[in-house]
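# Observations on chain architecture
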Amino acid sequence: MKINVNAVAFGFVQTRLTADATEAGTFDHGEHRIPLGIPGAVRERAAARIPLGRPATPAEAAGGIFLLCSPWSNFVHGQVLTVAGGQAEGMS
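Given the structure is predicted, the values throughout are model-derived calculations rather than measurements.

The rules behind each value
Throughout, residues of each chain are indexed from 1 in the direction in which the sequence is written. Two thresholds apply to this predicted model, a pLDDT of at least 70 for residue-level local features and 80 or more for giving and counting side-chain atom pairs, whereas whole-chain, interface and lining totals are computed over all residues. Here the side-chain values reflect all heavy atoms present in the structure, with hydrogen atoms and water set aside. Segments assigned H or I by DSSP are reported as helices when at least four residues long, segments assigned E as strands when at least two residues long, and all are numbered from the N terminus. We call a residue buried when its accessible area falls under 20% of the maximum for its residue type, exposed when it is over 50%, and partly exposed in between, using a 1.4 Å probe and counting protein chains only. Contact between two residues is taken to exist if any of their heavy atoms lie within 4.5 Å; hydrogens are not considered. All accessible-area figures derive from a Shrake-Rupley calculation using a 1.4 Å probe, and residue coverage is judged against the displayed protein chains alone. Under this rule, positive means Lys or Arg and negative means Asp or Glu; His and the chain ends count for nothing. Positions of charges follow a simple convention, taking NZ of Lys, CZ of Arg, CG of Asp or CD of Glu. Salt bridge, as applied in this entry: a Lys or Arg side-chain nitrogen positioned within 4 Å of an Asp or Glu carboxyl oxygen. Each direction from the helix axis to a C-beta atom contributes to the arc, which is the arc of those directions. Residues with no salt bridge and a relative accessible area higher than 30% make up the patches, which join like charges within 9 Å and nonpolar side chains (Val, Leu, Ile, Met, Phe, Trp, Tyr) within 5 Å. We treat two strands as partners when DSSP finds at least two bridges between them.

Moving on, we come to the overall build of the protein. In terms of regular secondary structure, the protein is built from three helices and four strands. Seen in sequence order, the protein has helices and strands lined up from the N terminus as β-α-β-β-α-α-β. Over its C-alpha atoms, taken along the principal directions, the protein stretches across nearly 45 × 35 × 20 Å. For the protein, the proportion of its 92 residues judged to be buried stands at 22%. Sequence-distant contacts in the protein: of pairs separated by 6 or more residues, those separated by 24 or more amount to 60%. For the protein, the accessible surface area stands at approximately 6,800 Å², while carbon and sulfur atoms represent 62% of it. One way to put it: in the protein the 7 positive side-chain charges average out to a point 8 Å from where the 7 negative ones average out.

This is the structure:
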């Protein structure tokens, strides 16, 4: 079998889960109300560690997936594509 396997490793992507905790709201799961978002100070520190200086938009994050789904990546195999704005280490 010839199976092409790749992965995408995302950095900080702006979603409702990573929005400012004071604005993100909650997610209701049955009887549980789960708060969304992260504290503003944590968001600022995380963005400061990204060389581009900001989190990715969902469309920018999807670009890595689009590339790996396109014929342009037919000979790319066994790779982890990091879509993180130049950030090399994880969010801490």
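Turning our eyes to something else, we now look at the pattern of salt bridges. Throughout the structure, instances matching the rule amount to two salt bridges. Across the pair Asp28 and Arg33 runs a salt bridge, and its minimum N-O distance is 2.9 Å. In this structure, Glu60 and Arg54 form a salt bridge, with 2.8 Å as the shortest nitrogen-oxygen distance.

On to helix α2 (residues 40-48), then. Within α2, burial applies to Arg43, Ala46 and Ala47. Down the axis of α2, the smallest arc covering the buried residues is 95 degrees, so these residues share one side. In α2, the exposed residues that point more than 90 degrees away from the buried face are Glu44 and Ala48.

Next up on the list: the side chain of Arg43. Mapping Arg43 onto the fold places it in helix α2. Buried charged residue Arg43 carries no salt bridge. Nearest counter-charge: Asp20, at 4.8 Å. Apart from residues lying up to four places away in sequence, Arg43 is in contact with Phe12, Gln14, Thr18, Ala19, Asp20 and Ile38.

Turning our attention to a nonpolar patch on the surface. A contiguous nonpolar surface patch, about 410 Å² in accessible area, is contributed by Met1, Ile3 and Val5. For Val5, the position within the fold is in the segment before β1 (7-10).

Within a regular strand, side chains alternate between the sheet's two faces. Of the strand pairs in this sheet, strand β2 (residues 26-29) and strand β3 (residues 32-35) are connected by four bridges, and their pairing is antiparallel. Paired with Thr26 across the strands is Pro35, a residue of β3. The antiparallel pairing of β2 with β3 creates a hairpin that spans two residues between the two strands, and Gly30 there sits at a positive phi of about 60 degrees.

So, to be careful, I would describe these as geometric facts and stop short of saying anything about function.
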